[in-house]
Amino acid sequence: MTVTQAEKTEERIQTSSKLLIILSKGTLDMVYPAFMIATTGATMGKDVHMFFTFWGMNSISRKTVGSLKVASVGNPGLPMPNILGMIPGMTALTTSMMKGKIEKAKMPSIPDMVKMAKDLGVKLHACSTTMDVMGVSKDDLVPEVDDIVGAATMLELGEGGQIIFI
Amino acid sequence: MSTPQRKVIDSRGSFCPGPITDLFKAYRASNIGDILELWATDPAAKSDVTAWARKSRNEILEITDENGYIRLVVKIINKR
């Protein structure tokens, strides 16, 4: 008996029920996709884990979660010559441009995305090494964070599932 | 056993992941037999809701293009 495409898809849906997103960047253009994929994964019934490392930590730190920016330097996707990105105030300008577009699309803010992810059952894990390197303490993290773990735990959480590195 | 309800979820103007999270929130509050009607302007809602229904094992009754938005009707036949 031949296996049809539909059966293959069905089998894949059955087996891939885990999703691990490793977020290492802290700019809006990186953090939004990470949370969009995480929240959507949760609605699809996936067991979703997010591991925050290096600048990704900014999206779960109290001080920075509400003020993430878009980089104006080294971002060739912006509608202007890259060298202009070095002018003081450019980061603020590109950030406010992006925030305007995000608001227009009725997308939630990052702090709201964190709350939504938590509400949908996404597990948020902070990287212990990053906390040490960056001098972040447990009290600096938003209350939605589940725990502080290392790379071994993270790899175990993602084993056998889909892994996305951002 | 409560009588099946019909609920309209208006996600017009909101983009991915808005419609699917709005639908999911209504799904969480729903009972077996309920009908959820999602209104969306995001063109991705068609394929996203179809994928969601397949994954969550619920039934799509209707997907229609209305004037300026898409109407997706899902019957809740499976709850986890």
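Undergrad: Explain the overall build of chain B to me, using residue names and the numbers behind them.
TA: Along the backbone of chain B there are two helices and four strands. The order of helices and strands in chain B, counted from the N terminus, is β-α-β-α-β-β. The C-alpha radius of gyration computed for chain B amounts to 12 Å, which stays within 12% of the reference 12 Å derived for 80 residues, consistent with globular compactness. Its C-alpha atoms put chain B at 35 × 20 × 20 Å along the principal axes. The buried share among the 80 residues of chain B stands at 45%.

Undergrad: Got a sec to walk through the environment of B:Y69? Specific residues and values, please.
TA: Residues and elements named next belong to chain B. Here Y69 lies in the loop between strand 3 (59–65) and strand 4 (70–75). Given the relative accessible area of 16%, Y69 is considered buried. Considering only alpha carbons, one finds Y69 and G13, 56 residues apart in sequence, at a separation of 9.2 Å.

Undergrad: Please give an account of the pairing of strand 2 (residues 47–52) of chain A that cites residues and values.
TA: All names here are of chain A. Counted residue by residue, strand 2 has five buried out of six residues, so it is predominantly covered. Judged from the six bridges that link them, strand 1 (residues 18–23) and strand 2 form a sheet pairing that is parallel. Residue I22 lies in a different strand from strand 2, and its bridge partner there is F51. Where the polypeptide runs from strand 1 across helix 2 (residues 28–43) and back to strand 2, its parallel neighbour, the crossover connection is right-handed. Relative to strand 3 (residues 123–127), strand 2 runs parallel, the two sharing four bridges. By the bridge assignment, F51 is partnered in strand 3 with H125.

Undergrad: With reference to specific residues and values, describe the sheet that holds strand 5 (residues 162–165) of chain A.
TA: Residue and element names in this part refer to chain A. Strands sit in the order 4-3-2-1-5 across an open sheet of five strands; the sheet is parallel. Pairing within the sheet leaves two strands with one partner each, and these edge strands are strand 4 (147–149) and strand 5. The mean angle between the axes of side-by-side strands here comes to 25°, regardless of whether they run parallel or antiparallel. Bridge count for strand 3 against strand 4 is three bridges, and the pairing is parallel. In the sheet register, H125 faces strand 4, and the bridge partner there is D147. Sheet contacts for helix 2: strand 1, strand 2 and strand 5; angle to strand 1, the most-contacted strand, approximately 165°.

The rules behind each value
- Residues numbered from 1 in each chain as written.
- Chains lettered and ligands numbered in written order.
- Predicted model: local features only at pLDDT ≥ 70, side-chain atom pairs only at ≥ 80, totals over all residues.
- Heavy atoms only, no water.
- Helix = DSSP H or I, 4+ residues; strand = E, 2+ residues; numbered from the N terminus.
- Rg over C-alpha atoms; globule rule 2.2 N^0.38 Å.
- Buried < 20%, exposed > 50% of the residue type's maximum accessible area, 1.4 Å probe, protein only.
- Pairing = 2+ DSSP bridges.
- Right-handed = clockwise from strand over helix to strand, strands pointing away.
- Axes fitted to C-alpha atoms, helices over the stretch in contact; angles between N-to-C directions.
- Contact = heavy atoms within 4.5 Å.

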